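Coordinates in review
This is what each chain is made of:
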Amino acid sequence: MSFYDKLKALNIELPVVATPAAAYVMYVQSGNTVFLSGHIAKKDGKPWVGQLGKNMTTDEAKLAARGVAIDLIATLQAACGGDLNRVQRIVKVMSLVNSTGDYTEQHLVTNGASELLGEIFGAQGVHARSAFGVAQIPLGACVEIELIAEIK
């Protein structure tokens, strides 16, 4: 089953790639490695605002992280010239979770993205990962995730 078949089976339509909100680009390729800029969680087209440990649950933020993964896949497709079949491997995911000092489930929030990447890319989607709790994310978003991939 192709990556596109998996997206279709999960009823996922890739969105239009976002434009940068500041002085950066959405991705940079160096050799066969593509570095995707951080993507923030969105709900209804707006930043998905919330802070874990204060006004948002782990389950809500896990859904937000899954949504970020969908946006990252759209950007990765653009980086691959429109063909996700060029993806060799998802190498690394780094997740920033807007959380209070005593919140400790950042890894569970990030599973929302990691699990979807595994579903779509199979063994090629299994990746190294970091998940951090941070005091704030741009625009008050609950989650920001960046991704590194190898393409052919």
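Below or above, wherever it landed, is the structure these notes cover. (Residues numbered from 1 in each chain as written. Predicted model: local features only at pLDDT ≥ 70, side-chain atom pairs only at ≥ 80, totals over all residues. Heavy atoms only, no water.)

**So, the overall build of the protein**
Counting its secondary structure elements, the protein contains three helices and seven strands. Taking 15 Å as the expected radius of gyration for a compact globule of 152 residues, we find that the protein reaches 15 Å, a close match to that expectation. Along the first, second and third principal axes, the C-alpha set of the protein runs to 40 × 35 × 30 Å. A buried classification covers 42% of the 152 residues belonging to the protein. Within the protein, contacts between residues at least 6 apart in sequence are counted, and of these 80% link residues at least 24 apart. Only carbon and sulfur atoms are counted for the fraction: they give 53% of the accessible area of the protein, which is about 7,700 Å². Of the side chains in the protein, 13 bear a positive and 14 a negative charge, and the two mean positions are spaced by 3 Å. (Helix = DSSP H or I, 4+ residues; strand = E, 2+ residues; numbered from the N terminus. Rg over C-alpha atoms; globule rule 2.2 N^0.38 Å. Buried < 20%, exposed > 50% of the residue type's maximum accessible area, 1.4 Å probe, protein only. Contact = heavy atoms within 4.5 Å. Areas by Shrake-Rupley, 256 points an atom, 1.4 Å probe, with all protein chains shown as cover. Lys, Arg positive; Asp, Glu negative; His and termini not counted. Charge placed at Lys NZ, Arg CZ, Asp CG, Glu CD.)

**Observations regarding the sheet that holds strand β6 (residues 128-134)**
Spatially, β1-β2-β7-β5-β6 is the arrangement adopted by the five strands of the open sheet, whose pairing is mixed. The strands lining the two open edges of the sheet, one partner per strand, are β1 (27-30) and β6. Strand after strand, the sheet turns through a mean of 15 degrees between neighbouring axes, direction not considered. As paired elements, strand β5 (residues 87-98) and β6 share seven bridges and run parallel to each other. Paired with Met 94 across the bridge in β6 is Ser 130. The strands that helix α2 (residues 58-79) touches are β1, β2 (33-40), β5 and β7 (143-151); relative to β2, the one it contacts most, it runs at about 140 degrees. (Pairing = 2+ DSSP bridges. Axes fitted to C-alpha atoms, helices over the stretch in contact; angles between N-to-C directions.)

**So, a nonpolar patch on the surface**
A surface patch of nonpolar side chains, about 250 Å² in accessible area, is lined by Val 25, Val 28 and Phe 35. Mapped onto the secondary structure, Phe 35 falls in strand β2. Residue classification places Phe 35 among the partly exposed positions, given a relative accessible area of 38%. (Patch = residues over 30% accessible without salt bridge, like charges linked within 9 Å, V, L, I, M, F, W, Y side chains within 5 Å. Salt bridge = Lys/Arg side-chain N within 4 Å of Asp/Glu carboxyl O.)

**Some thoughts on the side chain of His 39**
Positionally, His 39 belongs in strand β2. Overall, the relative accessible area of 5% leaves His 39 in the buried class. Among the polar contacts made by the side chain of His 39, one reaches the main-chain carbonyl oxygen of Ser 37 at a distance of 2.7 Å. If near-sequence neighbours (up to four positions away) are discounted, His 39 is found in contact with Met 26, Val 68, Asp 71, Leu 72, Thr 75, Val 143, Glu 144 and Ile 145. (Polar contact = N/O pair within 3.5 Å; in protein donor to acceptor, adjacent residues only side chain to side chain.)

**Brief notes about the nonpolar core**
Counting 38 residues, the largest nonpolar core has Leu 76, Ile 90 and Phe 121 as its most contacted members. Contributions of two or more residues to this core are made by α1 (3-9), β2, α2, β5, α3 (106-121) and β7. Here this core takes 10 residues from α2, the largest share from any one element. (Core = buried A, V, L, I, M, F, W, Y, C linked by side-chain atoms within 4.5 Å.)

**What to know about the environment of Lys 62**
With respect to the helices and strands, Lys 62 occurs in helix α2. Looking at Lys 62, the relative accessible area reads 28%, which means it is partly exposed. Separated by 73 residues in sequence, Lys 62 and Ala 135 place their C-alpha atoms 18 Å apart. When sequence neighbours within four positions are dropped, the list of residues in contact with Lys 62 reads Leu 108, Val 109, Asn 111, Gly 112 and Glu 115.

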